[in-house]
Amino acid sequence: MSAISRRRTSLARLLSTAALTAAVIAAAVPSATGAEQSASAGVVKVSNTVDVRCAFLTYKRSGDWYFPADAPKGTVWLQHGFSRSNGNLEDMARRYAAVGFVVFAPTLPSADTFGCTVSNLGNNTAFLDNVADLFGKASDPTDKLGRSFADAAAKAGRPGLRLPEKFVFSGHSAGGEAVSYVANRLRTHYPSAFARLSGLVLLDPVNSFIGLNMANALNGLNTTDLPVHAISSPPYLANGQASGTKELTTDVHRDFLGIRLTTGSHCDAEGASTDALCTLPNGTPQAANVAVLQEFATTWATDDATGTVAGTHRPGGSRYEALRAAGVIQTLSGS
């Protein structure tokens, strides 16, 4: 069977699973707005919408905002993957917020008549260009992202807060491809916004079955010094045989590109917010793996936003080497 045939077969299986569970997903997406106070770390969650252009339409997509207790160090765009929603990344969003980030977690379509999807099922580049426009114009408080943030900040009791200048993009599964594409789009079309982007943290990224979005994006970003790191699980069907991780380590030529959890699951990034759609085909995430993923993701994001380097969480560091010696993690590096 050719590589293209294998991709199409895998895509058919994923689409079949998504179709059977679409009603469950729709029912699980929260619809209420207003502020919800976290019991831990003083994190406040607000749900509203954000305007995203799709062809000749403007979609009002669900957007969850998370506010840290203290002055934020930056903004994390946290993007879910194929057939998922922002609610599936709530646990991860709260972890980013707990260490001091404002977090923006939108729900983007997984199926759409006009191709406005998080994963490239035909040609979603025009839609992702529109997503990039959100961040390209983020410094304008009257533009799409600025309006959504201002509304959320007011509801969270932080009306004087400005959207933090520094951005970190973090995406799970197909969301890893989406954030990579948008980052490179900022590089080529919004240089001032790209200068505000501090790093990418990819969570078991998956390369789309169609097109070269991730390859083109990572090859473009390879020409920059933007920090790019991944936390991956071993290759299997759910992550396209680690297709996104393979793309990363092929296209970005650096000695250290992140870690692989040797017993990891594709659901690890969702943690306590995962559901049966993820766990039935992939197994329930191990608590220890979830904890390591959240620890490293938040540490690297903090490094990126603040310009520091936590040596403990990189090769040679005490924490890193203890986990590697125990067989918990392996090192990802570029070829």
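Look up a bit, the structure's there.
Engineer: I'm lost on the overall build of the protein chain in this one. Help?
Structural biologist: When you go through the protein chain residue by residue, the secondary structure sums to 11 helices and 10 strands. In the protein chain, buried positions account for 57% of the 335 residues. Put simply, of all contacts in the protein chain between residues at least 6 apart along the chain, 74% involve residues at least 24 apart. Counting every atom, the protein chain has about 13,100 Å² of accessible surface; 56% of that belongs to carbon and sulfur.

Engineer: Would you mind showing me how to read the packing of helix α7 (residues 213–221) against helix α8 (residues 243–251) here?
Structural biologist: Each pair of packed helices gets described by two things: the angle between the helix axes and the distance between those axes. Look at α7 against α8: their axes get within 9 Å of each other, and the N-to-C directions meet at 30°. The pairing of α7 with α8 is recorded here as roughly parallel in orientation. In terms of crossing hand, the pair formed by α7 and α8 is right-handed. Residues Met214, Ala215, Leu218 and Asn219 of α7 form the contact with α8, whose own contacting residues are Gly244, Glu247, Leu248 and Asp251. Classifying every residue of the contact of α7 with α8 by side-chain character gives four nonpolar, two polar and two charged.

Engineer: Just to check I follow, could you spell out the pattern of salt bridges for this structure?
Structural biologist: Two side chains with opposite charge may pair up if their charged atoms get near one another. Applying the stated rule across the entire model yields 18 salt bridges. Salt bridges linked by common partners bring Arg53, Asp133, Lys137, Asp143 and Lys144 together as one network.

Engineer: Help me out: how do you make sense of the state of the cysteines in this one?
Structural biologist: Here is the idea: a disulfide is a covalent bond, and it sits between the sulfur atoms of two cysteines. All told, the structure shown has two disulfides when counted by the stated rule. Disulfide partner of Cys54: Cys116, at an S-S distance of 1.9 Å. Where Cys54 bonds to Cys116 through sulfur, the torsion about that S-S bond is close to 90°, and the disulfide is right-handed. Here the residue Cys54 occupies a position in strand β2 (residues 44–54), and Cys116 occupies one in the loop between β5 (101–106) and α3 (125–136), the gap between them amounting to 62 residues.

Engineer: What should I look at first to understand the environment of Asn282 in this one?
Structural biologist: One can find Asn282 in helix α9 (residues 276–282). When its relative accessible area of 15% is taken as the criterion, Asn282 is described as buried. Separated by 16 residues in sequence, Asn282 and His266 have C-alpha atoms that sit 6.6 Å apart. Setting aside its immediate chain neighbours within four residues, Asn282 contacts Tyr236, Ala238, Ser265, His266 and Cys267.

Engineer: Sorry, what's going on with α7 here?
Structural biologist: Residues spaced three or four apart along an α-helix face the same direction, because each turn holds 3.6 residues. Within α7, seven of the nine residues are buried, leaving the element largely enclosed by the surrounding structure. For α7, the complete set of buried residues consists of Asn213, Met214, Ala215, Ala217, Leu218, Gly220 and Leu221. Structurally, α7 contributes buried residues whose contacts are with α3, α5 (174–189), α6 (191–194), β7 (197–203) and α8.

Conventions adopted
Residues numbered from 1 in each chain as written. Predicted model: local features only at pLDDT ≥ 70, side-chain atom pairs only at ≥ 80, totals over all residues. Heavy atoms only, no water. Helix = DSSP H or I, 4+ residues; strand = E, 2+ residues; numbered from the N terminus. Buried < 20%, exposed > 50% of the residue type's maximum accessible area, 1.4 Å probe, protein only. Contact = heavy atoms within 4.5 Å. Areas by Shrake-Rupley, 256 points an atom, 1.4 Å probe, with all protein chains shown as cover. Axes fitted to C-alpha atoms, helices over the stretch in contact; angles between N-to-C directions. Parallel < 35°, antiparallel > 145°, perpendicular 65-115°, else oblique. Left-handed = near helix turned anticlockwise from the far one by under 90°. Nonpolar A, V, L, I, M, F, W, Y, C, P; charged D, E, K, R; others polar. Salt bridge = Lys/Arg side-chain N within 4 Å of Asp/Glu carboxyl O. Disulfide = S-S within 2.5 Å.

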